[in-house]
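A structural walkthrough
So you can see what is in the structure, the chains are spelled out below.
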Amino acid sequence: MAQGKHKPPKVQAPGKKKPKREKTTIKKGRVQIAPKKKKVQEAEKLKKGLEKTIRARIEEEVTQKTTAYEPRSLKMLASSSKSKN
């Protein structure tokens, strides 16, 4: 069994306010630490390039399919080829 009395909840002074935290920005994606070895760096660079080209190719195929089936024209909001690397 618990011994002693319950502690009363901490009450803040009436004139004091809690310090506000500054709003932090949300980071997109995982943070990756760059590899040190030259071969691994080259492999990562190749892998990243392949991922970009695969995504671009998939996007092109999807836009072609949708333009073929949709009666209205398709407008892309943000193209991956125009975005930053």
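Read on for a plain summary of the structure. (Residues numbered from 1 in each chain as written. Predicted model: local features only at pLDDT ≥ 70, side-chain atom pairs only at ≥ 80, totals over all residues. Heavy atoms only, no water.)

**Description of the overall build of the protein chain**
Along the backbone of the protein chain there are one helix and zero strands. Sorting the 85 residues of the protein chain into buried and exposed places 0% on the buried side. For the protein chain, the exposed surface amounts to about 10,300 Å²; the carbon and sulfur share of it is 56%. (Helix = DSSP H or I, 4+ residues; strand = E, 2+ residues; numbered from the N terminus. Buried < 20%, exposed > 50% of the residue type's maximum accessible area, 1.4 Å probe, protein only. Areas by Shrake-Rupley, 256 points an atom, 1.4 Å probe, with all protein chains shown as cover.)

**Observations regarding a nonpolar patch on the surface**
A cluster of nonpolar residues, Leu46, Leu50, Ile54, Ile58 and Val62, forms a patch on the protein surface that exposes about 470 Å² of accessible area. Considering the arrangement of structural elements, one finds Ile58 in helix 1 (residues 38-69). (Patch = residues over 30% accessible without salt bridge, like charges linked within 9 Å, V, L, I, M, F, W, Y side chains within 5 Å. Salt bridge = Lys/Arg side-chain N within 4 Å of Asp/Glu carboxyl O.)

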